[in-house]
Amino acid sequence: MASAKATASLQRLNSLSSKLMPTKAYSSQFSRKTYTLNTGDKIPAIGLGTWQSGPNEVEKAVEFALNKGYRHIDTALAYGNEAEVGRGIKNSGVPREEIWLTTKLDNPWHKRVQEGIDSSLKSLQTDYVDLYLMHWPSSTDPDDLKKHYPDWDFVKTWAEMQKLVGTGKVKNIGVSNFGIKNLEILLNDPSCKIVPAVNQIELHPNNPSPKLVAYNTSKGIHSTGYSCLGSTNSPLYKDETLLSMAEAKGKTPQQVLLAWGIQKGWSVIPKSVSKGRIDANYEIDGWELTDEEIKKLDALPDRFKVCGDAWLPVKVFFGDDE
Ligand SMILES: NC(=O)C1=CN([C@@H]2O[C@H](COP(=O)(O)OP(=O)(O)OC[C@H]3O[C@@H](n4cnc5c(N)ncnc54)[C@H](OP(=O)(O)O)[C@@H]3O)[C@@H](O)[C@H]2O)C=CC1
Ligand SMILES: O=C[C@H](O)[C@@H](O)[C@@H](O)[C@H](O)C(=O)O
């Protein structure tokens, strides 16, 4: 039997040789990759998320990301930071038409879709957004956030959102946090004339939702993965399979998670307000995960969900496969 000392030096040698092993060169350009939506428009595979990006940090983060090369920014009326995001875009000097800008209609605004988009456009200092999402399938009464309107639901909200197409204010409309049941209700309603271009949902290896992603794809709906790194204090950063895979490839765990999402076919919108991390999250070109590595990440056994629905007046929870 090998002594503890011999085992330790063997481990060190293995770790060193994996670092010295030349990584196979791939021509992948994930940072410039786009997915074509059911409208023909192309959404960049990687964007900058801005949920919980606070005042005095998000403006600089957006400016920095755009100058780094990001061409996709994700925000929402509910984040309370659209004005700063708009300033970051202006300060970057990157022409508006080169940027994919997504924002979202907040739940208490479902009866005021026109006002909602006008408010977002004003804050963002722009004439249009590339993608306008219904943030949640939940029409909350603004006078009592614990109540759902008795005479309104997301089908009616979608009918209102459809009216925005053709006004020039939105290029694409989509949904977020829709599970299969709610998508079926929406798509089967006679008032639904436009299939959502995107369903933005939580996607990381501990909440992979394969049936929901397959359902989106079967209906021509592109999936965008939010909390793609596992969000704040991500439990994924302690996952041994992920950590050893990242080390063996000479990549960060975050880069591996982003490649996993993009290679599986959805866009990813990692949030960061740190220059170093915004930089690193974009350095995803010239290498790939092998099929075997993707399968290993697909098979991680743990489960957690960042955004539940405990705070909503109606339950819209979707887990892995609902
Ligand atoms: N439609 C919806 O309901 C939802 C949409 N979203 C969207 O998706 C975006 C991403 O999801 P989010 O929940 O923010 O979480 P992410 O999975 O993007 O993780 C963000 C967290 O990871 C940290 N981080 C980022 N990069 C690195 C790195 N390279 N190394 C270490 N830590 C890192 C960030 O900290 P730091 O900033 O300090 O770098 C932050 O704490 C949101 O910002 C939002 O735009 C999110 C949730 C729900
Ligand atoms: O986009 C972000 C999320 O939807 C977020 O707004 C909600 O998940 C909510 O604030 C929460 O705390 O759970």
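Scroll up to find the structure.
Residues numbered from 1 in each chain as written. Chains lettered and ligands numbered in written order. Predicted model: local features only at pLDDT ≥ 70, side-chain atom pairs only at ≥ 80, totals over all residues. Heavy atoms only, no water.

A. Layout of the overall build of the chain. In terms of helices and strands, the chain carries 11 helices and 12 strands. Computed over C-alpha atoms, the radius of gyration of the chain comes to 21 Å, within 12% of the 20 Å expected from 2.2 N^0.38 for 322 residues, which places it in the range of a compact globule. In terms of overall dimensions, the chain has a C-alpha envelope of 75 × 45 × 35 Å along the principal axes. When the accessible surface of the chain is totalled, it reaches about 14,900 Å², and 53% of it is carbon and sulfur. Of the side chains in the chain, 39 bear a positive and 39 a negative charge, and the two mean positions are spaced by 3 Å. (Helix = DSSP H or I, 4+ residues; strand = E, 2+ residues; numbered from the N terminus. Rg over C-alpha atoms; globule rule 2.2 N^0.38 Å. Areas by Shrake-Rupley, 256 points an atom, 1.4 Å probe, with all protein chains shown as cover. Lys, Arg positive; Asp, Glu negative; His and termini not counted. Charge placed at Lys NZ, Arg CZ, Asp CG, Glu CD.)

B. Examining the pattern of salt bridges more closely. Evaluated as defined, the whole model comprises 14 salt bridges. Asp74 is the salt-bridge partner of Lys104, the closest N and O atoms lying 2.7 Å from each other. Of this pair, Lys104 sits in strand S5 (residues 100-105) while Asp74 sits in strand S4 (residues 72-74); the two residues are 30 residues apart in sequence, bridging distant segments of the chain. The exposure class of Lys104 is buried, given its relative accessible area of 0%. (Salt bridge = Lys/Arg side-chain N within 4 Å of Asp/Glu carboxyl O. Buried < 20%, exposed > 50% of the residue type's maximum accessible area, 1.4 Å probe, protein only.)

C. Seen up close, helix H3 (residues 82-92). Of the positions making up H3, those classed as buried are Glu82, Glu84, Val85, Gly86, Gly88, Ile89 and Ser92. Two residues or fewer past H3, Gly93 is found with a positive phi of approximately 80°.

D. A look at the pairing of S5. Of all 6 residues that make up S5, 6 are buried, and the element is covered over most of its length. Across 3 bridges, the pairing between S4 and S5 is parallel. Bridging from a neighbouring strand, His72 pairs with Trp100 of S5. Traced from S4 through H3 to S5, the parallel crossover comes out right-handed. Here 4 bridges tie S5 to strand S6 (residues 131-134), and the two strands are oriented parallel to one another. Paired with Lys104 across the strands is Leu133, a residue of S6. Tracing the backbone out of S5, into helix H4 (residues 113-124) and back to the parallel element S6 gives a crossover that is right-handed. (Pairing = 2+ DSSP bridges. Right-handed = clockwise from strand over helix to strand, strands pointing away.)

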